[in-house]
Structure formats: C-alpha cells, structure tokens
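Understanding the architecture of this molecule
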Amino acid sequence: MTFLDDFLIRAALAGVGVAVAAAPLGCFVVWRRMAYFGDATAHAAILGVALSLALSLPVTVGALAVAVIMAFAVSQLSHRGMALDTGLGVLAHSALALGLVAVSFVQGVRVDLGAYLFGDILAVTKSDLAVIWLGGLAVVALVAWRWSALLTATLSPDLAHASGFNPKREGMVLTLALAVVVAVAIKVVGVLLIGAMLLIPPAAARPLARTPEAMAVLAGVIGITAAITGLWAAFAFDSPTGPSMVSAAALLFVGIGVITRLKHA
Amino acid sequence: MALIKATGLGVSFGETLVLNDVDMTISAGEIVTIVGPNGSGKSTLLRCLVGAMTPDRGRVDRAPDLKIGYVPQKLMIDPTLPLTVGRFLNLPRKTDRKTAQAALDQAGAGALWDRPMSGLSGGQFQRILLARALLERPNLLVLDEPTQGLDQPGSAAFYRLIEEVRTETGCAVLMVSHELHVVMSTSDRVICLNGHVCCHGTPEVVANSSEYRALFGTGTAGALALYRHEHSHSHDHTCGHDHAREKESA
C-alpha cells in the first residue's frame, strides 16, 4: 500500500478515523450531559501513557486500561448521586496532574509530553492507523448495535426498564466505548483535546438535525471536515495539528450557529 | 388469573421504610388507581410492579403473557436531542407508519407526527407518551401521575381518554395519582397507600372508609384535603409509619 507511505495521507486517515468514531458517541455525550465525564476519562489516560512508557508497552494499551478503569469509576460515582460536577472536576484534574508527575518519573526515556497532550498526528505509523480504525469501527459498531436501547435509556431509565432494557448496562456500553475512543485518539488530538472532538461536532450538527440519527451522521461529516481542514491549515500555516483540527471544528460550530440564527431571524 | 400479584412487598431507603407489607393484584381489564399523599411510596410501588426495581422483601408474580405499556411520569429530553414525534414513536422498536399513526389517533394526537418533541405542550406530550405505550400492544397500561402539570379540564379529558382506551383495547390500567376526585370517577378499584395499604376497594367503598377519610379528609375535593387530614387514625394491623410524628409536622 504505497499511498500509505505518505505521512500526510496517514495523518488524514487517522483524523478521519477518530472523527468517525467520535461522532455517534459524542452525540450521547452531549444528550446525556457527560462532557465532564469524557474529560475525566481522557485526562486519566495520561496516567496510562506513563505506565506504558515505564513498562515498555504500546501506549494505546496502557491508555486503554487506565481509561477503562477511570470511566467505570466515574460511572459508579454518578450512580451514587455524588455532586457530579465537583466530583468529576476533582477526578479529571487530579488524574491529569498525577499522570504528568508519573511521566516525569519514567527513567531513561526522553518523553515529548506535547505529543500526548496535544497529539502528534504527523507521526502516525501504519500500525497506529490500524489501531485507530479497528478501535473506531468497533466503537461505531457497538453504538450502532445498541442505538435504540441507548436512546431509550437516555430519554428515561424507567422507560428502558419497561421495554426490557437495563439502562445501567446501556450506560456501561457508552462508558466502554468512551474509553476506547480516548485510547485511539491520543495519537491524533492528545488527551487535552479529545473532549473537544467528542463535543464540538455534535454541538455544531444540532441546529441542522431533526432526528438523532441525522445528528450523528452530520456530526461525522463535520468532524471529518474539521479533521481535514485542520490538517491542511497545520500544513499551510505550520500550526500544531491537533489544535488546528479543534479550531476548525469550533469555526464550523460558530458558522453553522450564526447561519441558522440568521435564517430563523 | 391476575396480571400482576404482589405479596408482602417491603422497600427501605436507608433507614426509611417506604413500603411495608403491601399486597395487591391487578386483573385483566380493570382500572386500578393508587392514591396516597406525597412520600407514601406510590411511585416506588409502581416501579416494583413493573420490574424497574427489586423490592427488599416480598415477591411480585407477573402473568407469563403480561405486556406492559409504560407511561413515565416525565421524560428528560435534553434540548440538544432532536426528536420528532414520529421518530419517538419508533423507540425502542421500529413500527410501520400506519400502526404508529393509528396509535397516535387513538391517543388523540393524530396531527403531531412531524412536530419536534421539544415544542409540545404538556397535554400533547402526555398523549404522545400514551400513544407510544399503546404501540407495545399492552394488556396492562401503567401510568405514573400522568396528568402532572395539566390543568383540571386537561386532566379530566386525559382520564376520559384512558377510559376510552380501556374500552377499545380491553387492557387493564394501573395508575398513580393524587387527583382523587377525577380518579375516583374513572377507576374500578382504588388502593389508598401510605407506606402500607390503608384501604382498598371500589371508589365508593374507599371514599367512605374511615382510613381514607383520615388520610384525605371527608371531601374528596383535591389538594386542600391533603392538608386537613389527621394521621392519628388507627389500624387493625401494625404499620411501620410513625403517625404521631407525621401529625406534628403536618
């Protein structure tokens, strides 16, 4: 596959992969008001990066393990009905700080922290690409398979029960999917901006959508557009790639918002 | 045979005994209403009956052919979730347009198919929830305070609708309410709950029972009565409620 030898092509495919995986999941993050939940999981992943470096494991493995543990810890917390906002905030920031401290203790490796905080999409290898697309497609398949049950549980846990679904189990599906997206997206946008890729495309798609499915598809289109535009901008203006992608998504959010406002005015 | 039979249900939340030794049955085709003051365990009982919650004590037997159509008390539809009435009726299972439209017509909301859920009035919203429940082809319709937030004519119309639905489909109806006066006229059987079953029977029997009067006062004229009741009534069985304490706080 010679065309994958071009690092720009690999970068574009990696960005598109993350955008595709993040779109349907991001919709649920928005509908269920789980934005902070996503951040806490993503920030904890830096701790997994530190572990991976210390144990000489692939970064994705450590990040996935810690993200899964964190995601389930947080969802347990939310079932207990703690003051969620504060609890999640404490967890998210402490996980990030702990992770950064842990990375600094890893001996013998010169770690480019920036690559894990903001992503290093131009250094994506063929095997990274395989991990991103396998993980991404697994998440899309999982969310698509549980779609109706997830939607019902989002509207009303009691309604889900009465329809024969267990809303807690559906919540776990989302938790697991979130951990996978975090793990595969580190290379692309870094732990600090994964939350943005989950949140901004669905938020931008909202005014254009009349059904949940349309919103998920539009979020995917917007995410892909942002990824490719951001990559182009990074190349043209020599700006950091991950932040450029998120900036492109933010511009799309504002643009769509303004245009729909004007149309309705 | 009974659709649902509950025996000796008990539920505690921490130290608080919410339900104590509750027995009840629902048979095919009847309209049963659970009434009781706030915090009397009505919603908890309902959730145990439909299986959304496992009671700490006692058992719930459900008929093998039981098919519940559930109308929740409220739905939290986040404004970021775009949902038309038509799409909502296809949750959680796909239904063909004709069947869905028929259910919508039956619930008196036939013209709302394309409307976004977020723009509906309270009464329209309840009718959509009812239509969705009817799509499950239930033999038991369960409604948790279905007319909360509706004005009096609105809720009276809604209860009439429930009665019509029962006549047309033959399904049993179980609902929770504290709009006693309206409920009394549409129910076959009323269960008066205050942690335990205070009294039960036909609306006439319940309305004239001393336990019911003790809870809701002699008039059945709604909310005011709730504040006039006294809790020093006696029971022929023991109950876990501290009636004296309630009286002080009332």
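Residues numbered from 1 in each chain as written. Chains lettered and ligands numbered in written order. Predicted model: local features only at pLDDT ≥ 70, side-chain atom pairs only at ≥ 80, totals over all residues. Heavy atoms only, no water.

Right, let's get into the overall build of chain B. A count of helices and strands for chain B gives 10 helices and 9 strands. Nonlocal contacts in chain B, meaning residues at least 24 apart in sequence, comprise 66% of its contacts between residues at least 6 apart. For chain B, the exposed surface amounts to about 11100 Å²; the carbon and sulfur share of it is 51%. (Helix = DSSP H or I, 4+ residues; strand = E, 2+ residues; numbered from the N terminus. Contact = heavy atoms within 4.5 Å. Areas by Shrake-Rupley, 256 points an atom, 1.4 Å probe, with all protein chains shown as cover.)

Looking only at helices and strands, chain A features 12 helices and 0 strands. The linear arrangement of helices and strands in chain A, starting from the amino end, is α-α-α-α-α-α-α-α-α-α-α-α. A globule of 265 residues ought to have a C-alpha radius of gyration of about 18 Å, and chain A, at 18 Å, matches this closely. For the C-alpha atoms alone, the extent of chain A along its principal axes is close to 55 × 45 × 35 Å. Put simply, chain A has 265 residues, and 51% of those count as buried. The contacts of chain A with a sequence gap of at least 6 include a subset with a gap of at least 24, amounting to 76%. Accessible surface, chain A as shown: approximately 11800 Å² in total, 71% of it carbon and sulfur. (Rg over C-alpha atoms; globule rule 2.2 N^0.38 Å. Buried < 20%, exposed > 50% of the residue type's maximum accessible area, 1.4 Å probe, protein only.)

Quick look at the environment of Arg33 of chain A now. In this fold, Arg33 of chain A is placed in the loop between helix 1 (7-31) and helix 2 (35-55). If near-sequence neighbours (up to four positions away) are discounted, Arg33 of chain A is found in contact with Phe28 of chain A together with Asp78 and Pro79 of chain B. Here Asp78 of chain B takes part through its side chain, which lies 2.4 Å from a polar atom of the side chain of Arg33 of chain A. (Polar contact = N/O pair within 3.5 Å; in protein donor to acceptor, adjacent residues only side chain to side chain.)

Residues and elements named next belong to chain A. Nonpolar side chains collect at one region of the surface, where Leu51, Leu55, Leu57 and Val61 lie side by side and expose about 360 Å² of accessible area between them. Within the secondary structure, Leu57 sits in the loop between helix 2 and helix 3 (59-79). We classify Leu57 as partly exposed; its relative accessible area is 40%. (Patch = residues over 30% accessible without salt bridge, like charges linked within 9 Å, V, L, I, M, F, W, Y side chains within 5 Å. Salt bridge = Lys/Arg side-chain N within 4 Å of Asp/Glu carboxyl O.)

This brings us to the side chain of Ser40 of chain B. All names here are of chain B. Tracing the backbone through its elements, the reader meets Ser40 in the loop between strand 3 (31-35) and helix 1 (42-50). What makes Ser40 buried here is its relative accessible area of 1%. In this view, Ser40 contacts Val18, Leu19, Leu193, Asn194 and Gly195; residues no more than four positions away in its chain are not counted.

Bringing the interface of chain A and chain B into the picture now. Contacts between chain A and chain B engage 23 residues on the former and 23 residues on the latter. Counting the surface lost from both chain A and chain B, the interface buries some 2200 Å², and carbon and sulfur atoms represent 58% of this. Our enumeration of links across chain A and chain B arrives at 3 salt bridges. Arg47 of chain B is paired through a salt bridge with Asp158 of chain A; the nearest N and O atoms lie 3.0 Å apart. Breaking the side of chain A that touches chain B down by element, the ones donating at least two residues are helix 1, helix 7 (147-155), helix 8 (157-162) and helix 11 (212-237) of chain A. Residues of the side of chain A that touches chain B, tallied by class, amount to 11 nonpolar, 7 polar and 5 charged. (Buried area = accessible area lost by both parts, 1.4 Å probe. Nonpolar A, V, L, I, M, F, W, Y, C, P; charged D, E, K, R; others polar.)

Attention now goes to the UniProt feature "transmembrane region" (unreviewed entry) in chain A. In the numbering used here, UniProt assigns the feature "transmembrane region" (unreviewed entry) to residues 12-31, 43-74, 94-118, 130-151, 171-204, 216-237 and 243-262 of chain A. Secondary structure across residues 216-237 of chain A comprises 100% helix and 0% strand; the distance between its end C-alpha atoms is 31 Å. (UniProt positions renumbered as here; feature names shortened; annotations may be inferred.)

Further remarks concern unusual backbone geometry. Residues and elements named next belong to chain A. Of note in this structure, Ser56 is not a glycine but carries a positive phi near 55 degrees. As for its position among the elements, Ser56 is in the loop between helix 2 and helix 3. Judged by its relative accessible area of 66%, Ser56 is exposed. For Asp238, which is not glycine, the phi dihedral falls at a positive 55 degrees. Position of Asp238 among the secondary structure elements: in the loop between helix 11 and helix 12 (241-264).

Attention shifts here to the pattern of salt bridges. Across all of its chains, the model carries 13 salt bridges over all chains by this definition. For Arg33 of chain A, the salt bridge goes to Asp78 of chain B, with nearest N and O atoms at 2.4 Å. Taken together, the residues span two chains, with Arg33 of chain A in the loop between helix 1 and helix 2 and Asp78 of chain B in the loop between strand 5 (68-71) and helix 2 (85-89). Classification of Arg33 of chain A as exposed rests on a relative accessible area of 63%. Residue classification places Asp78 of chain B among the buried residues on the basis of a relative accessible area of 11%. Ionic pairing is found between Arg146 of chain A and Glu170 of chain A, a salt bridge with its closest N-O pair at 2.6 Å. You can see Arg146 of chain A sitting in the loop between helix 6 (126-145) and helix 7 and its partner Glu170 of chain A sitting in helix 9 (residues 167-189), a full 24 residues away along the chain. By relative accessible area, Arg146 of chain A is classed as buried at 12%. Take Glu170 of chain A: its relative accessible area is 0%, and that puts it in the buried class. Here the salt bridges do not stand alone but share partners, grouping Lys67, Arg93, Arg132 and Glu136 of chain B into one network.

Before going further, it helps to spend a moment on the sheet that holds strand 8 (residues 189-193) of chain B. Residue and element names in this part refer to chain B. Within the open sheet, the 6 strands sit side by side as 5-6-7-3-8-9. Their pairing is mixed. Of all the strands in the sheet, just strand 5 and strand 9 (197-201) have a single pairing partner and so form its edges. The mean angle between the axes of side-by-side strands here comes to 15 degrees, regardless of whether they run parallel or antiparallel. Here strand 5 runs beside strand 6 (residues 140-144); their pairing, made up of 4 bridges, is parallel. Residue pairing across strands places Ile68 opposite Leu140, the latter belonging to strand 6. (Pairing = 2+ DSSP bridges. Axes fitted to C-alpha atoms, helices over the stretch in contact; angles between N-to-C directions.)

This brings us to helix 2 of chain A. Along an α-helix, a turn takes 3.6 residues, which lines up residues three or four apart on a common side. The end-to-end C-alpha distance of helix 2 of chain A, which contains 21 residues, comes to 31 Å, matching closely the 30 Å that a straight helix rising 1.5 Å per residue would cover. With its phi angle positive at about 55 degrees, Ser56 of chain A sits one or two positions after the end of helix 2 of chain A. (Expected span 1.5 Å × (residues − 1).)

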